[in-house]
Amino acid sequence: MWQARLSYLLRRFAHGLPIVLAIVVVNFFLVRLAPGDAATVLAGEAGAATAQYMEQIRAQFGLDQPLYVQFLSYMKNILVFDMGYSFRHGRTVASLIFERLWATLLLMGTAMAISTGIGVLLGALAARYDRKPLGFAIVLFAIVSYATPLFWVGLMLIIVFALNLGWFPTSGIATIGADTGGLGHVLDVAHHLVLPALTLSFFYMALYTRLMRASMLETLRMDFVTTARAKGVAEGRVVRRHVLRNAILPVLTMAGVQVSGMLGGSVIVESVFGWPGLGLLAFESLAARDLNLLLGIFFLSSLLVVATNALIDLAYTLVDPRIELAGRSKRND
Amino acid sequence: MALRILTRRSWLGLTGAAAVALLAAPGVHAAETPKHGGTLIITTTPEPSLITNALSSAPTTAEVATKIFDGLLEYDMDLEPVPSLATGWEVSDDGKAVTFHLREGVRWHDGKPFTSADVQFSLLQVVKEYHPRGPGNLGPIAAIDTPDEHTVVVRLVHPYPPMMKGLSSLEAPIVPRHIYEGTDYRNNPAVNEPVGTGPFRFVSWEKGNYIELARNEDYWREGRPYLDRLIFRFIADSATRAAAIESGEVHVATFGTINPVEMRRLEGLDHVEIAAGGYEALAPVMLLELNNKQPPLDDKRVRQAIAYALDRDFIVDNIWYGFGKPAVGPISSVHEGAGLYTEEGIRRYDVEDRIERANALLDEAGHPRGSDGMRFTIVHDPAPFGEDWRRMGEYIKQALKRVGIGVEIRNRDYPTYVRQVHNEYDFNMTSSWYVGMADPTLGVQRQYWSKNINADVAFNNTARYSNPEADRLWEAAQVEMDPAKRATLFHDLQRILTEDSPNIWLMEMGLVAVQNSKVEDLITSPLGVRGGLYDTWLDQ
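Fair warning: this is a prediction, and the values are worked out from it, not measured in the lab.

(A) Fine view of the overall build of chain B. Helix and strand counts for chain B stand at 17 helices and 21 strands. Its C-alpha atoms put chain B at 75 × 55 × 45 Å along the principal axes. Evaluated residue by residue, chain B yields a buried proportion of 55% over its 540 residues. By sequence separation, contacts in chain B at least 24 residues apart represent 71% of the contacts at least 6 residues apart.

Spelled out as structure tokens, the structure:
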């Protein structure tokens, strides 16, 4: 079984390779369709520039080279996982991305855990108490939170919990320069994490609640549930043993899709809470036409998407042993 | 009397003038004794791409770098030079040689001594070549001699009085030769871990988060700076920056980081105030740039009509919440003290009957109102600097409709905007602002001198205004050594420019910062938060 899983994974990665390459090629040309270049932006920020300054910058960035030369050198580098250099930041793209990766993973990971956990619970409750006050309340809550703009939620949390109550800091990832040491630092970061993670969870939680509820209701109508009840199995046990395990599959799929997007982070939440993550980096690099950096983030994201899809398929076999990997997989890309 | 110093043969003696500058500085709390210690947290936006301002004039780059580097000179509130790394200076009779006497015993943050070779290298090989305003500030420098370790003689091709106004740490920071010489400056790692002689030394930069500077224990100004640490925090969202000021997590927010309407709200809080002043050496002017080469704005009468149609008081009070004052011409009134500014004989656009005049001019220019009351439609590109600029665009649209000009507003992202408007001249009217700097030749000239029409370089003479008489006056002002005659040249320029109305000047901007009340002496120079902040202290 494990051997089958391993060979399946390898096969999936082999299939993913051409996809990633195609994405890299398309991205390379796509980002260059946007008008204006990094030199224009730098000169604009400077407020005044000479022709010589512009030439210096373009030459330094390689923008004066023909497009095909830029393309060939980019492809050559990417094949050995060299994502290049961000001239704007004066650093390698890899160092910029990895420096901020953990902040994004921490925020997204926490938000995913909170939102799937609470979302599944609320969804299950809403299905169990369908057409009852509790069910209605949960559905209403889900709709409202789904429809509320994230930046507004963030700002409201800041006003209430940071300004009025003073329980949490307004922004940032840690108290600057507070030399608190190991555990102190962890607590400090956790303290800063609460509001942004809650804000981001709010949106996903609504999604999972609704998904879980719909899936539960569908499963509850299935024949095997009727059979189980007819056998005289207690209602709680029917829900836990028979319904929940089946109903959770769509949530898993959805979570998988979202994990793929994790690397992109959340521009809005990172921006509102001054969280130094990748989403903001991607956004800023787009606005500054820092194309190497932007392409680097796209490249990593595409790798992550391919890898997560394969892993999610694998996870199915763990949750539901009836799904097989051999031959044709149930979910082909 | 702006150029008093240049006309004197010798101007030594103010060796201890840093103290004089300090005493002269306005400050409500001047009577209190400064306290040492503490960490000052400043928020600014956007995060700079590099923090060595010898290579870039980006505003946030300068905000950080001016704490790390010194210039040869600083300026008092009348924009007169006072000593910094140079303790004294003399200008030769023909105006073509300026001798600077350098401070002795100054050390770089890495412990190496500061000498005349550093000055020679910085001005000639770094700032003049790489700073976007370097050619303007230092252009006529032909050579720099270093007769000894503490003397430099700057040799000019022709007399260039404005140079003495462009030698601050903002415009011409002195960088260490031993670190940069023989390297590719922009790729030198020191660009983002700078070594200077300034009041604070670089500690760390967490990208996307903050930059930390610490007190330079070895600073040449005795007992300064007062602060132990200086932190620049980067928060992407304007509302959160306001919240961070409100909660006290951040002490100072530079201009442009918080919306004017929020600034007025914060000002009402007990622990927050507006730090007035501190932008005089920048002389910022907000304006509408017009495409002078394309109908209908190639007609002077149409440009004048638009200038008449706009109510500057309304713009200042309702769009910018009073952070500024109405502008009447291209040169800011901060130059009034130096005698370079005039209102005499200029065309005023804020007259009582301005709407009638606008209508008459448009009729005369051959743009009668159609059946719908409209004459023609132009496109307006608000500067992509935020919602306030878009709101101003909406006001302009309404104001021009009253004189029969339709306005279509086009919002673009920053790089697209720069390319389309400033590089390709595909525009009618755009809002923008420029820094006039401590002398009109250094800042204002580039908007109106025909030699500064260059499609490759954004934010130059974007209007493509070209008038031989104006060119002659700008060029004469570059070399005129007699302050009175030079002032007359600028007065004539203001008359010509307000008459031609190549651009429409809206507001002399007040680039004020928002600060926590426990921050004392934040603004002690005309550079404000773009100065060294060595006099700033925390009352805690």
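(B) The overall build of chain A, seen in detail. Each helix and strand in chain A was counted, giving 13 helices and 2 strands. Here the C-alpha coordinates of chain A stretch approximately 85 × 60 × 40 Å along the principal axes. Residues counted as buried form 39% of the 333 residues belonging to chain A. Looking at chain A alone, contacts between residues at least 24 apart form 72% of all its contacts between residues at least 6 apart.

(C) Quick peek at the sheet that holds strand β4 (residues 86–91) of chain B. Residues and elements named next belong to chain B. Strands sit in the order β4-β5-β7-β6 across an open sheet of 4 strands; the sheet is antiparallel. Each of the sheet's edge strands pairs with one partner strand only, and the pair in question is β4 and β6 (141–148). Within the sheet, the average angular offset between the axes of one strand and its neighbour, ignoring direction, is 20 degrees. Here β6 runs beside strand β7 (residues 151–156); their pairing, made up of 5 bridges, is antiparallel. Within β7, the residue paired with I141 across the bridge is L156. Contacts from helix α4 (residues 116–130) reach β5 (97–102), β6 and β7 within the one sheet, and its direction differs from that of β6 by about 170 degrees.

(D) Representation of the environment of E408 of chain B in the model. Among the secondary structure elements, E408 of chain B is positioned in strand β16 (residues 405–409). Judged by local crowding, E408 of chain B falls into the exposed class, with 11 C-beta atoms found within 10 Å.

(E) Seen up close, the packing of helix α12 (residues 278–287) of chain A against helix α13 (residues 291–319) of chain A. Residues and elements named next belong to chain A. In contact at an axis separation of 8 Å, α12 and α13 are set at 140 degrees when each is read in the N-to-C sense. In terms of axis orientation, α12 runs oblique to α13. The chirality of how α12 crosses α13 is left-handed. Of the residues in α13, those touching α12 at L278, L281, A282, S285 and L286 are L293, L294 and I297. Of the residues that constitute the contact of α12 with α13, the class distribution is 7 nonpolar, 1 polar and no charged.

(F) Structural detail: the UniProt feature "domain: Solute-binding protein family" (unreviewed entry) in chain B. Residues given the UniProt feature "domain: Solute-binding protein family" (unreviewed entry) here are residues 80–447 of chain B. The annotated region residues 80–447 of chain B carries 28% helix and 22% strand content, and the separation between its end C-alpha atoms amounts to 24 Å.

(G) Representation of the domain arrangement of chain B. Residues and elements named next belong to chain B. Entries for chain B in the domain assignment read domain 1 (1–278 + 512–540) and domain 2 (284–509). Facing 25 residues of domain 1, the contacting portion of domain 2 comprises 18 residues. Counting residues per element, the ones that place at least two in the side of domain 1 that touches domain 2 are α1 (4–7), α5 (134–138) and α8 (260–267). If one sorts the elements of the side of domain 1 that touches domain 2 by residue count, α8 sits on top with 4 residues. Classifying every residue of the side of domain 1 that touches domain 2 by side-chain character gives 14 nonpolar, 7 polar and 4 charged.

(H) The sheet that holds strand β14 (residues 324–326) of chain B, seen in detail. All names here are of chain B. Strand order in the open sheet made by the 6 strands is β14-β18-β13-β17-β15-β16, with mixed pairing throughout. This sheet does not close on itself; its edge strands, each paired only once, are β14 and β16. On average, adjacent strands in this sheet sit at an angle of 30 degrees to one another, irrespective of strand direction. In the sheet, strand β13 (residues 284–290) pairs with strand β18 (residues 503–509) via 5 bridges, with the strands oriented antiparallel. Considered in β18, the bridge of E289 is made with N503.

(I) Molecular detail of the nonpolar core. The biggest cluster of nonpolar side chains holds 227 residues, and the ones touching the most others in it are L72, I245, V285, A305, I504, L506 and A513 of chain B. Among the elements that make up this core, the one with the highest residue count is helix α8 (residues 181–220) of chain A (15 residues). The residues contacting V285 of chain B, other than those within four sequence positions of it, are A327, P330, S332, W433, Y434, G436, W505, E508 and M509 of chain B.

(J) Quick peek at the environment of E74 of chain B. Residues and elements named next belong to chain B. Residue placement: E74 occurs in strand β2 (residues 73–75). A count of 26 C-beta atoms within 10 Å places E74 in the buried class. Sequence-wise, E74 and D492 are 418 residues apart; in three dimensions their C-alpha atoms are separated by 29 Å.

(K) Highlighting the interface of chain B and chain A. The interface of chain B with chain A comprises 47 residues on the first partner and 43 residues on the second. Elements with a minimum of two residues in the side of chain B that touches chain A: β9 (210–215), β10 (229–233), α7 (238–247) and α13 (414–423) of chain B. At 7 residues, α13 of chain B tops the list of elements feeding residues into the side of chain B that touches chain A. Looking at the side of chain B that touches chain A residue by residue, the classes come out as 19 nonpolar, 14 polar and 14 charged.

(L) View of the UniProt feature "transmembrane region" (unreviewed entry) in chain A. Residues and elements named next belong to chain A. When the UniProt feature table is mapped to this numbering, "transmembrane region" (unreviewed entry) covers residues 12–31, 101–127, 134–163, 189–207, 247–273 and 293–319. The span residues 189–207 is 100% helix and 0% strand, and its two end C-alpha atoms sit 27 Å from each other. Across residues 293–319, the secondary structure splits into 100% helix and 0% strand, with the terminal C-alpha atoms separated by 38 Å.

(M) Just the domain arrangement of chain A, in detail. Residues and elements named next belong to chain A. Segmentation of chain A into domains returns domain 1 (16–93) and domain 2 (94–332). A straight line from the C-alpha centre of domain 1 to that of domain 2 covers 33 Å. Counting from both sides, the interface comprises 24 residues of domain 1 and, opposite them, 18 residues of domain 2. Elements with a minimum of two residues in the side of domain 1 that touches domain 2: α1 (2–31), α2 (38–46), β1 (85–86) and β2 (91–92). Top element by residues in the side of domain 1 that touches domain 2 is α1. It accounts for 8 residues.

(N) Layout of unusual backbone geometry. In this model, T45 of chain B is joined to P46 of chain B through a cis peptide bond whose omega is -5 degrees. Inspection of the secondary structure puts P46 of chain B in the loop between β1 (39–43) and α3 (59–68). Residue P296 of chain B follows P295 of chain B across a cis peptide bond; omega there is 0 degrees. Among the secondary structure elements, P296 of chain B is positioned in the loop between β13 and α9 (300–309). A positive phi angle, close to 60 degrees, is found at R131 of chain A, a residue other than glycine. Summarising the element assignment, R131 of chain A is placed in the loop between α5 (93–128) and α6 (133–147). In this structure R131 of chain A comes out as exposed when scored by C-beta crowding, with 6 C-beta atoms within 10 Å. For Y425 of chain B, which is not glycine, the phi torsion reads 55 degrees and is therefore positive. Relative to the helices and strands, Y425 of chain B is located in the loop between α13 and β17 (429–435). The partly exposed category is assigned to Y425 of chain B, around which 16 C-beta atoms lie within 10 Å.

Thresholds applied
Residues numbered from 1 in each chain as written. Chains lettered and ligands numbered in written order. Predicted model: local features only at pLDDT ≥ 70, side-chain atom pairs only at ≥ 80, totals over all residues. Helix = DSSP H or I, 4+ residues; strand = E, 2+ residues; numbered from the N terminus. Buried ≥ 20, exposed ≤ 12 C-beta atoms within 10 Å, placed from the backbone. Contact = placed C-beta atoms within 7 Å. Pairing = 2+ DSSP bridges. Axes fitted to C-alpha atoms, helices over the stretch in contact; angles between N-to-C directions. Parallel < 35°, antiparallel > 145°, perpendicular 65-115°, else oblique. Left-handed = near helix turned anticlockwise from the far one by under 90°. Nonpolar A, V, L, I, M, F, W, Y, C, P; charged D, E, K, R; others polar. UniProt positions renumbered as here; feature names shortened; annotations may be inferred. Domains from an automatic or database assignment. Core = buried A, V, L, I, M, F, W, Y, C linked by C-beta atoms within 7 Å.

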